[in-house]
Structures are given as C-alpha cells and as structure tokens.
Amino acid sequence: MRRFLRPGHDPARERLKRDLFQFNKTVEHGFPHQPSALGYSPSLRILAIGTRSGAIKLYGAPGVEFMGLHRENNAVVQIHFLPGQCQLVTLLDDNSLHLWSLKVKSGVSELQEDESFTLRGPPGAAPSATQITVVLPHSSCQLLYLGTESGSVFMVQLPAFRALEDQTISSDAVLQRLPEEVRHRRAFEMVEALQEHPRDPNQILIGYSRGLVVIWDLQGSCVLCHFLSSQQLENVCWQRDGHLIVSCHSDGSYCQWPVSSDTLQLEPLRSCVPYGPFPCKAITKIFWLTTKQGLPFTIFQGGMPRASYGDRHCISVIHNGQQTAFDFTSRVIDFTVLIEANPEAALDDPYALVVLAEEELVVIDLQTAGWPPVQPPYLASLHCSAITCSHHVSNIPLKLWERIIAAGSRQNTHFSTMVGLAPAPAPPQPRARLAHELLRHLLQEWPIDGGTSLAPAPPQRDLLLTGHEDGTVRFWDASGVCLRLLYKLSTVRVFLTDTDPSESLSAQGEDEWPPLRKVGSFDPYSDDPRLGIQKIFLCRYSGYLAVAGTAGQVLVLELNDEAAEHAVEQVEADLLQDQEGYRWKGHERLCARPGPVHFEPGFQPFVLVQCQPPAVVTSLALHSEWRLVAFGTSHGFGLFDHQQRRQVFVKCTLHPNDQLALEGPLSRVKSLKKSLRQSFRRIRRSRVSSRKRRPAGPPGEVQEGSSRAERTGLQNMELAPVQRKIEARSAEDSFTGFVRTLYFADTYLRDSSRHCPSLWAGTNGGTVYAFALRVPPAERRMDEPVRAEQAKEIQLMHRAPVVGILVLDGHSVPLPEPLEVAHDLSKSPDMQGSHQLLVVSEEQFKVFTLPKVSARLKLKLTALEGSRVRRVSAARFGSCRAEDYGEHHLAVLTNLGDIQVVSLPLLKPQVRYSCIRREDVSGIASCVFTKYGQGFYLISPSEFERFSLSTKWLVEPRCLVDSAETKNYSRLHDRSGPEKASGRARNSGSQSDGEGVLKEIQSTLEGDRGSCGDWRSPRVAVGYSLSNGGGCS
C-alpha cells in the first residue's frame, strides 16, 4: 500500500520539473471563427479582423500577429485605425467604443486596450439618438466623428473619449443650412457615410440614408454643397483629388457627383446600374480609384440581378473594359482595397483587393492581367472542407520537405506570386532546381507586410496533416507561427463519384452575364460522405503514406515527382470470415475506378485495401521498413503487405452482443433460457471474484477490488489524488470489438533470447492482441510471404478501452520509429535488457514485463470527476538549461480537458494543466500531440490552438510594430522600375536578401542536416526554443 502514499517533496526534482515543463497557449492557427468586422491601416500595412465573440486579431508580415479580447465579449461591428498611429478604435454591438494601442515592452509590441466609451444622449432621449452607425477617425488623430441613427454627428476627443457636445452636427443644424426645396423631402434619417476631404481636413462628407449627401465645413459650420439622390443611400467614396464623389444605392446603381462651388447638384454627372435593367440588389460599398493609365478602377459589393443571382455573394471589379464579378462561397463581411499609402500622392494606383468573407480571406492581385488570387501565408481556411482527423510529423528531412513543396507549387499555378523582389537567377545546376523552387515559394510577396517578426527561425521542419470530409489530405507547414498550406492530396480520383474530379466549379462561358468567377477555397459540400478521411499515417523517411476513410477504404501511397497514369490494385479484407448469416445494414463500399487513373505529381496511391463490412476505419499503423500496414475497424483488424500486395491475416474482434458495431443482428438469436443462464453466470463470477480479493497481498501489488477491511484501513491514510477504484465493465457492453489502437514493435514476444517483429492491437473491451511476425530478409522479401501468428492475448480486468500501446527498451526509452536508426537520427534501442510493455486504457496505465507479460506497475486515474484518458503520446522534454539533457514522458489528455505528464517507466505524475474546457467535446477529440511536447486542438471548426508543455520548444509570435514605419510610404507593388528592390524587408525581416537565401538552401542540400540539432538556426538563443518566452530564468 505504500504506493498509495504521497511521495515526499524533492526540491531537486521540483527544480528539474521547472526546467522541463511549462504550459503555454502560444498561437492560434487558421481563420477566425465568425468574423464580423475588417480594418486596415495603409501606413502600418496591418490588417485587423474582429469576431462575434469580441476578439480582435491583427496581422502584418508573416509572423506578425496580435490578439486582443474585449471584456464584454460582444460582437465587433467596426474597426478603424487612427491615421499614421499604432492605435485603432473598435465599435461593438452594444454601442461601446474601445481604444487599442500597440505598445512596445521589452523590445516587442503588445496589443492593449487603453480606454472604453459609450455615447450617452440627453436624459429622456430615444436609444436611436446615440446608436452609432458610422465611425470616422480624423486625420489629426485627436478627434472621432460618430454618425448615429438619429442623423446627428457627434464629435469625441481622443484619447480620453471626451464628448464635445458643443460641436455636435445635428440634423436640424444641417437642415437650416439647406435650400427650402430640400427641407420638405425628409432627406435625413440615419447617417450612412462619413468621409474626410482627401485634401482639406476642415471638410467632411455626411451621407444620409434618404439620399442626401452634404459637404460640411468644420470651421464655418456650414454646408458647402449638397447632392440629393432619389434612391436610398448605401455608401459613398470620395475621389483622391476631392473633385468627384461616387455614391451607391439600394437599387443597384451608383452615381458620380462632381464637387464644385455650386451648392446644389440637381443631377449626377453619370448614373449607372451595372447589372440592370432588371431589378438589382443594393450596392453596399464602392471604391472609385484613379490609376496611371487614366481609367479608374470601380470596385463594389452587391448589385447583382435580384431574381437570378440575388443569393450570390459578389464583389465586382471594372477597369479598362474588363469586368469580373468575383463570386464567393460564403457571405462577404467587408472588403478593402490596398492603394498608395502616401496621402500626398496624386493617384490611388490600387494593387490588391482584400475580401473578408464569412469563412475565408481572399486577396486579389489587381496589377496582374486576369486579376488572379494571392495565396495568403496565414489565415488559412482550414475548414474549406470539414476537418475529420489530424496527424503531426516532426523533424521532416529536407529532401522530403522539398519534394512536397515542389508538388504543391505545381498546384498553385493559378495563384499570383506578386514577387516584389528582383527575380532570383535560375540555378545553373540541375540539382539545385528544388532549392530554387523553394526559394520562389519563400519569396512570394504578401501585400500586407507591416511590422517585423522577431521570432527566431524554426530549428526544424514540422508537418501537420489534416484529413477532410471531401476525401482530401492537406499538408501544412507547422514549423513556425504561420500555418501555411504546402500541398493538397485528393483521394477522389481513385473512386467513382457523381462529380468528375476534372470539372472546374469556376468554369463559365466567356459571353455569359454577369461575368461570374468563383474564388476562394471554402467548399463545405462533399460529393460523398464516404470519402471522408479518418486516419492518416506518414513515414517521414520513406515517403510512404497510408490514408483510411469512412467506408473502410485504406490507401497506401508513395511520393512521385512526376505525373503518372496507372491502375490502383484492389484487395478486399473480409473481417467477418468466421461469422455466418451476417447482413450489413450500413452504407455501401465506394466503387473503385477501373483501369488506369491519371495522378498529378505528389503522393500517388498504388494499392487499395477495402475492408468488409465497409465500416469506418478506427485505427491505422504503417511500418515502412517492413512494408506493412495494419488497419482496424469496429469489426476487427488486419495486416497487409504492400510490397507483395497481399493480405497477411485478418482477426475478427466482435462479441456476439456487439449489436451497434454490427449495425444489424447476428443470425444467432438469444433465447430466454440462454439469457437467464448468462445472467446467473455473471452473478456467480462476481461472487467468486469478491471472495478471492484479500486485504493482504504481496508488497507493491494492489488489487483492483478492495475488501471492506482494506477500505477501513485506507481511511486513516492520506491517499494520492490520482488513485481510485476502477469498476469492472461487462464483456457484453456494445462496441467491445472496436479496435482503438495498433502498434508495431521489434521486441521480445516469445522468449527472452530472441526478439522479432510484432503487431499489437487494443480494443474497446480492454483486450490486447499480440501477433508475432516473420518478415523475410531483404534479399528474399519478394519471394517469401510475411507470416503472422498470435502469441499473446491480454484481458484487462476493468475492461476499459485501450487507447495506447508502447514498448520500452532496456533503458526504458520508447522504441524508435521505423528507419529512424538507419538514418542516424536516433540511437539504436537497447536490446540487451528486458523490454517493457505499457498499456494505456481510458482508466489506468499499466506496465508489463516482456516476454512473460507480468504486471509490474500501475497508475489509476481518479474517478472523483469522472476522468478518462482521451489522448496519449510519448514525447521528449528537453531542459532549457542543460543542452543535452532530456527525458521521455507520456503526454496525456483527459475527457475533462486536463493535460498531464506522466513519467516513464515509473508512471509518476509530473505536472497537470487545465487546457481545454470540459464542455468542448470536439476540441478534446481533435487534440494531437507532437514528439517534442507541443500540441494542437480545434477551438472552432476553422482554428487550431497551439500549446506547449515544454520549456524548450515554444512557438509564439514575437514582433515589433513601430510608428516610425509610417514615415516610409514606399511600396513594391510597382514592378516597372529598378528601385523596387530597395523597398521594405520581406517575410518579417528574416529573409531580406534573396541571393543569401538561395545560398543557404543550396548549402543545406550539400550536407546532411536532417536532425533537429544540425538544422538549428544561429539566431536561436536558448537550445531549440522558438521564442525567448520560456520558463527558465
């Protein structure tokens, strides 16, 4: 019983824990959930996005990210940057204003909320009197003009948010200064638009919803001129020179009004309904931008024909005779156009259109012919198709990394590169071709590039693979702060579906009207739900990839740098060979495409294993050295030799009462007599097992069920909080045959003198199967078959689901990955000492000795809060003080959202952190751990939260935004002049010299720098820390 007592306090161990473990939520990857507002600072070149939950996120150059959260958690309605300042104002749906600042502390910028303010009206006034509709920051940065539903414009002084009541521009004051014929037309109501004169800060434009637009003189408090439209006003744009005003209206039209000394303009200079003459929807926002070519850009939202295209979410661009209506698959929240930032410039010269849709951010290059989209380096639409699974691979070898990037670059030919740097010279040597492609991938110019990233370069290359509902697998660069899409794999071509994979959703005839063009990657609709990816396993050394899906399909793929056309070999694995009279009531299997199939460069499938029945694949394991793949479903598991393309064996794990797993009754119907007989047997077994439990036992061995005398003795002891009594589950519970985990290991299974390859499988009923494998040597690998024989079967007493299996070598270190030792990236496992088997169930951890499989150690989770293990992974935790010191431990996630670190092999709890809300079931289910103590989980359908348990491995944004940058208005969007190479630094200032980057990449090609230690950047200050925000001081 001594194992139940609390261990003594060890100061040395506590200090070591502080050097090894520290919990941090570091960065959010992906697209903000439910965006509601967009803001942009032309001087800072920073984009801001607000959400319905009250979050505000700022993005600049890759790696420059900030996040703030309003205390009220109300939806952000508007975001406005103060001109030339590191400050912005947000308007929430509760009518409150908030002032945020980017302040420099300890060499890095931080986003902080300075002030908040709510506009109050006079006593007894209606709420609409102060309900803010429009916010205009004045160029002086000291005043804020607020348009309201009552038609009044209030003036607020910054930064104290002091209302200047004596300077309010009321609708009555404006009415008194208008001609008599205008006063009787009820041209007021709410304020729809506020604009400052581009050249004169003493004049502002006020637009009212009834169609009246006035230019108000702030010094003289008078109306300089006014314009009156017959249609309801939606928005207004003021030309850069101040001589033209363009208004858009609710009937889908826009009007041009010249600004002159005449106080009244009866008719517009030009009125146009772009998609008339039939009734059209409102144009809600418009830009009229001048260019060097003389012809302006007209960019507006909405205006589509109401009857035929009223449900489309479109933004139209018209310039020089070309007109395109960009069609988005989700609702457009807002958009802006990136133009010349210098206010003294004579022309706008727009170079990019930035559109915030409900589910993605889309950027259009306005300087390249055809207006192609630009691939964002962040804000990726992770949920373009719903995420169904994820898989993380650490420390990718450079060669595999380059091949994936090369395959992905061929998929991105429709994107604009917007290369602002001088083009890198073509590499003279063929072997540097991949390095050159990688360089071009790195040098893509991103137009939103404010701030400077101070984070050190990633010391290794990490991949995050996400499986999606539409049958695709996306490869993401998870090395640093920006989660960037590298390559997309589609498995649809292997199967016959209703949609031809070669069809383009954006295909449309040239003469069709309106000229719609689909843009964006968000596509929530799947051709067939059976295509959904459920399990992924990638070998980083061999390039083999295994992908399993919803309809029992298991694909084995290999990386090919060239396009190929070949047939995919099909093999059927019947997991119910010993079941008779079975009828599957679930979905049908996917029909494979007959004959040769054309595959693009990248991962190409060469064999398809179809499980029967076609149930969801619940577990997957790949051993690339033995060329074996194991798969499991709710009916059993099997082993397949993908080198010889033959099935090795299948094992059915079904219990006769697994009705849910079968999704249909078995042929054997239990009679009443059989049911009664089984009930009496269960009662008899429970009585016998209770008599066998004694309070006395061998020292160090604790029985799972304690007698009353033992419980009485334990009441006087201080029990460790992680120990508990586990109640045994019935063997007849549903889904007991559900295969939860599969694991390959080269260990001692039969006797202690010879080790052999083995396959381990754990089920939902607490059963562990072990199969001894005979893999022929390499010279006879194609001639002799792989043989398998069941060697062990372990039944856990409490019958809890097995969620993890791990074998430790003689030094109590987890066995290395396949081919890891062959690539000199890991030490050879100790095969001299005795091996140990760790079995992790939902309720306990248990260590067995091998090959006898006798229990050695056990750790039980507490039942006080109903804790259950949901995820477990072995990870190496390095010390932030000692360069070469590290320990292997288990990272454990429970159903309560807690993360615990448990030591190996003694199973001692080290630390415990609260990470995920217990109510967030999808977040807990989506969590994935890395090999170095980091993790990812979904905080929304479109966002991954990244966290770290290690002091040594920490990925977080560290960046600097200086208001001094606003003095430099030079841009690189002008590609015609030679001066473009001397502009702003690219990619957060980390890679400013393209030639230097090419030399660095070429140097890495010549040497072996696959290990994380050899690939370390000289800018990393402490170990492999990706930030200096660690816990060691």
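Source: prediction; values computed, not measured. (Residues numbered from 1 in each chain as written. Predicted model: local features only at pLDDT ≥ 70, side-chain atom pairs only at ≥ 80, totals over all residues. Heavy atoms only, no water.)

A. Geometry of the sheet that holds strand 22 (residues 270-272). Here 4 strands make up an open sheet; going across it, the order is 18-19-20-22 and the pairing antiparallel. Bordering the open sheet on either side are strand 18 (233-238) and strand 22, each of which pairs with just one other strand. Shown here is a sheet whose adjacent strand axes are inclined to one another by a mean of 20°, direction ignored. Both strand 18 and strand 19 (residues 244-249) contribute to a ladder of 5 bridges, which runs antiparallel. (Pairing = 2+ DSSP bridges. Helix = DSSP H or I, 4+ residues; strand = E, 2+ residues; numbered from the N terminus. Axes fitted to C-alpha atoms, helices over the stretch in contact; angles between N-to-C directions.)

B. Region of interest: the packing of aromatic side chains. With the rule as written, the count across this model stands at 25 aromatic pairs. Aromatic side chains Phe23 and Phe947 sit 6.1 Å apart centroid to centroid with 40° between the ring planes, which places their arrangement in the tilted category. Residue Phe23 is located in strand 1 (residues 21-30), and its partner Phe947 is located in strand 62 (residues 943-950); the two are separated by 924 residues in the primary sequence. This pair shows no difference in class: Phe23 is buried, exactly as Phe947 is. For the ring pair Tyr275 and Trp513, a centre distance of 5.5 Å and an interplane angle of 45° mean the geometry is tilted. On the criterion of sequence distance, the pair formed by Tyr275 in the loop between strand 22 and strand 23 (283-289) and Trp513 in the loop between strand 35 (484-490) and strand 36 (516-519) is long-range, its members being 238 residues apart. For Tyr275, a relative accessible area of 1% puts it in the buried group. (Phe/Tyr/Trp six-rings, centres within 6.5 Å; stacked < 30°, edge-to-face > 60°. Buried < 20%, exposed > 50% of the residue type's maximum accessible area, 1.4 Å probe, protein only.)

C. Region of the structure containing the sheet that holds strand 54 (residues 844-849). Pairing is antiparallel in the open sheet, where 4 strands are placed in the order 52-53-54-55. If you trace the sheet from one side to the other, it starts and ends with strand 52 (802-808) and strand 55 (854-860), each paired once. When the angles between neighbouring strand axes are averaged without regard to direction, this sheet yields 15°. Sheet topology places strand 54 next to strand 55; 6 bridges connect them, and they run antiparallel.

D. Seen up close, helix 5 (residues 398-411). Between its first and last C-alpha atoms helix 5 spans 20 Å; for 14 residues at 1.5 Å apiece the expected length is 20 Å, and the two agree. If you check which residues of helix 5 are buried, you get Leu398, Leu400, Trp401, Glu402, Ile404, Ile405, Ala406, Ala407 and Gly408. (Expected span 1.5 Å × (residues − 1).)

E. Representation of the pairing of strand 17 (residues 222-228) within the structure. With 5 of 7 residues buried, strand 17 lies mostly within the body of the structure. For strand 16 (residues 212-217) and strand 17, the ladder comprises 6 bridges, and the chain directions are antiparallel. Residue pairing in the sheet places Val214 in a bridge with His226 of strand 17. Counting the residues that bridge the hairpin from strand 16 to strand 17 gives 4 residues, and of these Ser221 lies at a positive phi of roughly 50°.

F. A look at the UniProt feature "repeat: WD" (unreviewed entry) in the protein. As annotated by UniProt and renumbered to match this structure, "repeat: WD" (unreviewed entry) occupies residues 459-477. Annotated as 0% helix and 63% strand, the span residues 459-477 places its first and last C-alpha atoms 13 Å apart. (UniProt positions renumbered as here; feature names shortened; annotations may be inferred.)

G. Expanded view of the environment of Glu113. Tracing the backbone through its elements, the reader meets Glu113 in strand 9 (residues 108-118). Given a relative accessible area of 18%, Glu113 falls into the buried group. Separated by 26 residues in sequence, Glu113 and Gln87 have C-alpha atoms that sit 9.7 Å apart. For Glu113, the contacting residues outside a window of four places in its chain are Arg71, His98, Leu99 and Trp100. A polar contact is formed between the side chain of Glu113 and the side chain of His98, at a distance of 2.6 Å. (Contact = heavy atoms within 4.5 Å. Polar contact = N/O pair within 3.5 Å; in protein donor to acceptor, adjacent residues only side chain to side chain.)

H. Summary view of helix 1 (residues 11-20). Residues of helix 1 that are buried: Lys17, Asp19 and Leu20. Buried residues of helix 1, seen end-on, are gathered within an arc of 160° and therefore sit on one face of the element. Its buried side turned inward, helix 1 meets strand 1, strand 56 (869-878), strand 57 (886-894), strand 59 (909-914) and strand 62. Where helix 1 begins, the capping side chain belongs to Asp10, and its oxygen is found 3.3 Å from the backbone nitrogen of Ala12. (Arc of directions from axis to C-beta.)

I. The pattern of salt bridges, seen in detail. Summed over the entire model, instances satisfying the criterion amount to 32 salt bridges. The partner of Glu14 in a salt bridge is Lys17, with the nearest N and O atoms 3.6 Å apart. With Glu14 and Lys17 both in helix 1, this residue pair falls 3 residues apart, about one helical turn. Its relative accessible area of 14% is what places Lys17 among the buried residues. The salt bridge partner of Glu358 is Arg331, with a shortest N-O separation of 3.3 Å. Within this pair, whereas Glu358 is found in the loop between strand 28 (352-357) and strand 29 (361-365), its partner Arg331 is found in the loop between strand 26 (322-328) and strand 27 (332-338), the two being separated by 27 residues in sequence. Look at Arg331 and you get partly exposed, because its relative accessible area is 37%. One salt-bridge network, held together by shared partners, links Glu28, Lys57 and Glu943. (Salt bridge = Lys/Arg side-chain N within 4 Å of Asp/Glu carboxyl O.)

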